[in-house]
Amino acid sequence: MRPDLLLRGLTRALLTVAPLAALVFSSGCGGDEYATVSAKARVNAKSGSVWGRDLANGLGLQEWELCSELGAYDCISEAHRITLGGVEPTVLGIDEPLPNASVSAPIAVDRVATSACGLRFDRDKAGGAAVIFGPVLKKDNDRAREDVADTLVRRLLARESTKAELESLVALYDTLAPISTDLTRDGAVGMCVIVATSTEALFY
Amino acid sequence: MRANLLLPSPRSRWGLGGAIGLSLVGWFAATTGNTQPTGPASFCEVYPDAPACASGEVACTACHTTPPSLNLYGADVAAALLPDQERPLSSELYTAHLGEALLAVESLDSDEDGVTNLDEILGGSSPSDAQSTPAPSSCVDEEDDGWSLCGYDPQYAYKKVMLDFCGRSPTIGERQAFAEAKNPTSALHNALDECLDSEHWRGKHGRVWNLANRKIGPLQAIKSGKDVGPIPLADYDDDYAYFVWTQTDGRDVRLVLTGQTFVSARVDGGVTVYEEWDRTPDEDFELRGYDRYQAVVKERRAGMLTHRWFLMSNTMFTSVPRTTAAQAYRAYLGYDIALLEGLNDVPGEPADYDSKGVGEAACAACHATLDPLTYPFSRYEGIGGGVGDSYSYSANRLNGFTDVDGELVAETPEAGVLFGEPVEDLIEWAAVAANSEAFRRATVLDYWKLLLGEAPRATEQAEFSRLVRDLGGDHGYSVELMLHDLIDMEAYGAP
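Residues numbered from 1 in each chain as written. Chains lettered and ligands numbered in written order. Predicted model: local features only at pLDDT ≥ 70, side-chain atom pairs only at ≥ 80, totals over all residues. Heavy atoms only, no water.

1. Some words on the overall build of chain A
Counting its regular elements, chain A contains ten helices and two strands. When burial is assessed residue by residue, chain A has 47% of its 204 residues classed as buried. Partitioning the intrachain contacts of chain A with sequence separation of at least 6 by distance along the chain shows that 59% fall at a separation of at least 24. By element, 56% of the accessible surface of chain A is carried by carbon and sulfur atoms, the whole surface being about 9900 Å². (Helix = DSSP H or I, 4+ residues; strand = E, 2+ residues; numbered from the N terminus. Buried < 20%, exposed > 50% of the residue type's maximum accessible area, 1.4 Å probe, protein only. Contact = heavy atoms within 4.5 Å. Areas by Shrake-Rupley, 256 points an atom, 1.4 Å probe, with all protein chains shown as cover.)

What follows is the structure, given as structure tokens:
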């Protein structure tokens, strides 16, 4: 299948299911109905470089490998630098991060996460010691998918997963099944993108 | 205690007595052109128990969006202030009746969020922001989710320290190790010490480096040295390196205004190394060449205020370099004169030595402060126009401007006034500035906003004020010691 069509299909599928999974990850404790409320409600966004570093550490990649636009411009330090909360004082005169996320910020985040998660999957599939996706590459069943989901939460969010989170992530496969021609890859990368772009991964 | 209100208070906790003694011109700029921003202090004399008054003065934003524009609450106060009286009000009328106006709008709900203005003021929220309401008086945290929402949470603070200062999340193993630490406070401060040495925090283009962006105002097109621009005039790398150096390794942060050496930054094996250096202008010229050398002799140096880039980009070709002084006032002392902040009229000013017409009433409101603030900068050469080498100190510099700005410009004194205190020259100016409460406040505020994403909330004023006080006391002007205190505060460590 052509990569662009695959990406389009995956994106469409994620658009369908991501909001459901996002509900689970927005509270970090099993769904909105369980969300605890902070009296301070002070939330900072990770800058692109910090989020990218966490993503690279979690996926076992180098920061410069995460994503590159046109194969030439690093997504975080160059192409989407300002969009992802960076500064560029010497040429653009942007001395501080934008006070509010731009409309393209979610797109940039999705691009970086999709690229990085895809790269991790392809590396794991290529052989050697798999970092994250080994279980589904060995035998793609519910148990393996849950193992991968658990690893993703542990590595990308640095905490134990909850049952609700694992069920929600694995449910992604049900939505993808009718439209995917490579369910193992689409499901695994999709779970990874959902965790990597969750509220908990992007803010602190 | 509430003082000198013309109306008796129905609430015994405020009482009466004393005298406000206010010079309330300027809080509402419509009253007079001779501004004097004492309104915030008067507000706190009326509401001494308000959290926003913990430091003695409420922020201008209690009543203004950007002064003199009023916010919702300020507009209600203004409407209640002698409504039948013709505008602009005299300062005397304004002074005498402000208290009545504040009382008159207490029961209103200016921002229509369901909480009266009085309850918002006393509860520590903004009466002009519908999104801001007093915090619940009691905190309930029944969820077993690993976070303590009702107060300082060491686990949360640890994660935040790692992200803020190290630039990465702790791993699950590190979090578990922290959770099992016998002394979490010690573990937290050890983590901070480690992260204060990270490239993310103190490296080239790191967080401290970027904290200087607004102070330096870099522009690559006119940069000299590395990454030279098409019109190389000065190298702001000197400024960035010096700034980071003053903020790190426990150094006295006042050096940013008073130091007389320079600092270079080089990256060695992925680590930025800062090295202090001291050369005469001639020596630096020989070593680094015309486009980069620092031209001020040592005894006339005042930290970043006399760096080549600062003089080039602010003084440029002007005789009385008001832009330079205004930028110093804004960047290092936190007062933006364009926003009517930090005005302290000096009698007899502005003298208008350079014949710019600043004595006009509309201009004098600011220039009575700005011009005497500027005189000590007037002997430092900009790009051109004076009598000496560019960016150097020339005692008779203003003689070079008489053909453009008139004969009187040569009589501009070098002595000036900062915060009402006479200073002989820029060296004294910098010393007064560096030892001021304003400098400590601006320094702490920079880091507060960097780490918490916003200025202190009303309920956090007490913690903020303590940091400001202690920076000049227990912290010995060390930013790093101040940060150790900051991460222990509820403002930082409560999720």
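2. A closer look at the interface of chain B and chain A
Every contact between the two is made by 36 residues of chain B and, on the other side, 25 residues of chain A. The largest per-residue losses of area from chain B upon contact with chain A belong to L163(B), I172(B) and R214(B), which jointly make up 20% of the total buried on that side. Between R42(A) and E460(B) there is a salt bridge; the shortest N-O distance is 2.9 Å. Taken together, chain B and chain A are joined by twelve residue pairs in polar contact (both at pLDDT 80 or more). When contributions to the side of chain B that touches chain A are tallied by element, the ones reaching two or more residues are α5 (154–166), α6 (172–179), α9 (207–211), α10 (213–216), α19 (437–452) and α22 (490–493) of chain B. Ranked by residues supplied to the side of chain B that touches chain A, first place goes to α5(B) with five residues. (Buried area = accessible area lost by both parts, 1.4 Å probe. Salt bridge = Lys/Arg side-chain N within 4 Å of Asp/Glu carboxyl O. Polar contact = N/O pair within 3.5 Å; in protein donor to acceptor, adjacent residues only side chain to side chain.)

3. Describing the packing of helix α15 (residues 322–333) of chain B against helix α16 (residues 361–374) of chain B
Residue and element names in this part refer to chain B. Running from N to C, α15 and α16 cross one another at 100°; their axes reach a closest spacing of 8 Å. Considering their axes alone, α15 and α16 lie roughly perpendicular with respect to each other. Of the residues in α16, those touching α15 at R322, A325, A326 and Y329 are H367, L370, D371, L373 and T374. (Axes fitted to C-alpha atoms, helices over the stretch in contact; angles between N-to-C directions. Parallel < 35°, antiparallel > 145°, perpendicular 65-115°, else oblique.)

4. Considering the environment of G85(A)
Residue and element names in this part refer to chain A. Note that G85 resides in the loop between α3 (75–79) and α4 (105–126). Exposure remark for G85: the relative accessible area of 25% places this residue in the partly exposed category. Distance from G85 to A101, taken between C-alpha atoms, is 7.5 Å for residues 16 residues apart in sequence. Excluding its chain neighbours within four sequence positions, the residues that come into contact with G85 are S47 and P97.

5. Some points on the packing of aromatic side chains
Residue and element names in this part refer to chain B. A complete count under the given rule lists 18 aromatic pairs over all chains for this structure. Seen from their ring centres, F285 and Y293 are 5.1 Å apart, and the 85° between their planes marks the pair as edge-to-face. On the basis of relative accessible area, Y293 is assigned to the buried category, the value being 8%. An angle of 75° between the planes, with centres 6.1 Å apart, marks the rings of Y335 and F419 as edge-to-face. Of the two residues, Y335 is situated in the loop between α15 and α16 and F419 in the loop between β3 (416–418) and β4 (421–423); the sequence distance between them amounts to 84 residues. (Phe/Tyr/Trp six-rings, centres within 6.5 Å; stacked < 30°, edge-to-face > 60°.)

6. Examining the nonpolar core
One finds F165(B), L305(B) and W429(B) to be the most contacted residues of the largest nonpolar core, which totals 88 residues. Here L305(B) is in contact with L257(B), F310(B), L311(B), A328(B), Y332(B), F377(B), L426(B), W429(B) and A430(B), once residues within four sequence places are set aside. (Core = buried A, V, L, I, M, F, W, Y, C linked by side-chain atoms within 4.5 Å.)

7. Observations regarding the pairing of strand β1 (residues 262–268) of chain B
Residues and elements named next belong to chain B. Where β1 and strand β2 (residues 271–277) come together, seven bridges link them in antiparallel fashion. Looking at the pairing, F262 lines up with W277 of β2. Between β1 and β2, which follow one another and run antiparallel, lie two residues, and G269 among them has a positive phi close to 60°. (Pairing = 2+ DSSP bridges.)

8. Considering the pattern of salt bridges
Taken as a whole, this structure holds 46 salt bridges over all chains when the rule is applied. For the salt bridge of E96(A) with R214(B), the shortest nitrogen-to-oxygen distance reads 3.8 Å. Note that E96(A) is positioned in the loop between α3 and α4 and R214(B) in helix α10, a pairing that runs across two chains. By relative accessible area, E96(A) is classed as partly exposed at 42%. With relative accessibility at 55%, the residue R214(B) sits in the exposed group.

9. Concerning the confidence of the model for chain B
It should be kept in mind that the predicted coordinates are not to be read in detail where pLDDT is low. On average, residues of chain B score 89 in pLDDT, and 89% of them are at 70 or above. Across residues 1–36 of chain B, where pLDDT falls below 50, the model places 112 contacts with residues more than four positions away in sequence or in other chains. (pLDDT = per-residue confidence, 0-100.)

10. Some points on unusual backbone geometry
What you tend to see is this: most non-glycine residues have negative phi, and most peptide bonds are trans. Residues and elements named next belong to chain B. Going from E349 to P350, the amide bond is cis rather than trans, its omega being 5°. Mapped onto the fold, P350 is located in the loop between α15 and α16. In this model, H205 sits at a positive phi of 65°, which is unusual for a non-glycine residue. Counting through the fold element by element, H205 comes out in the loop between α8 (199–202) and α9. H205 gets classed as exposed once you look at its relative accessible area, which sits at 54%. With phi around 55°, S355 is a residue other than glycine that occupies positive phi space.

11. Here's the deal with the side chain of D284(B)
Within the secondary structure layout, D284(B) lies in helix α13 (residues 281–288). Ignoring anything within four residues of it in the chain, the contact list for D284(B) reads W277(B), R279(B), G289(B), R292(B), Y293(B) and Q294(B).

12. Some words on the confidence of the model for chain A
Residue and element names in this part refer to chain A. Averaged over every residue, the pLDDT of chain A is 87; residues scoring 70 or more account for 82%. For residues 1–20, every residue scores under 50 in pLDDT, and the model assigns this stretch 20 contacts once sequence neighbours within four places are set aside. In this model, residues 27–34 is a region of pLDDT below 50 whose contacts with residues beyond four sequence positions or in other chains number 16 contacts.

13. A short note on a negative patch on the surface
Taken together, D282(B), E283(B), E286(B) and D389(B) make up a surface patch of like negative charges. The residue E283(B) is located in helix α13 in this model. (Patch = residues over 30% accessible without salt bridge, like charges linked within 9 Å, V, L, I, M, F, W, Y side chains within 5 Å. Lys, Arg positive; Asp, Glu negative; His and termini not counted. Charge placed at Lys NZ, Arg CZ, Asp CG, Glu CD.)

14. Some thoughts on the state of the cysteines
By definition, a disulfide links two cysteine residues through a covalent bond between their sulfur atoms. Evaluated as defined, the whole model comprises three disulfides over all chains. Here C67(A) is linked by a disulfide to C75(A), with a sulfur-sulfur distance of 1.9 Å. Its S-S torsion of about -45° marks the bond between C67(A) and C75(A) as left-handed, since a negative value means left-handed. Of the two residues, C67(A) and C75(A), neither departs from the other in class, the shared state being buried. Take the cysteines of chain A that form disulfides and number them in order along the sequence; they join up as 1-2, 3-4. The thiol sulfur of C363(B) is not disulfide-bonded, and the nearest other cysteine sulfur, from C366(B), lies at 8.8 Å. (Disulfide = S-S within 2.5 Å.)

15. What about the packing of α5(B) against α6(B)?
Residue and element names in this part refer to chain B. It is at 10 Å that the axes of α5 and α6 come closest, and there the two elements cross at 140°. Considering their axes alone, α5 and α6 lie oblique with respect to each other. In this structure, α5 meets α6 at a crossing whose hand is right-handed. For the pair α5 and α6, contact is made by P154, Q155, Y158, K159 and M162 and by E174, R175, F178 and A179, respectively. Per-class residue counts for the contact of α5 with α6 are five nonpolar, one polar and three charged. (Left-handed = near helix turned anticlockwise from the far one by under 90°. Nonpolar A, V, L, I, M, F, W, Y, C, P; charged D, E, K, R; others polar.)

16. Some words on helix α18 (residues 426–434) of chain B
Residues and elements named next belong to chain B. Every buried residue belonging to α18 is among L426, W429, A430, V432, A433 and A434, and all of these are buried. Taken together, the buried residues of α18 touch α12 (255–258), α15, α16, β3, β4 and α19. With a side-chain oxygen positioned 3.1 Å from the backbone nitrogen of I427, the residue opening α18 is D425.

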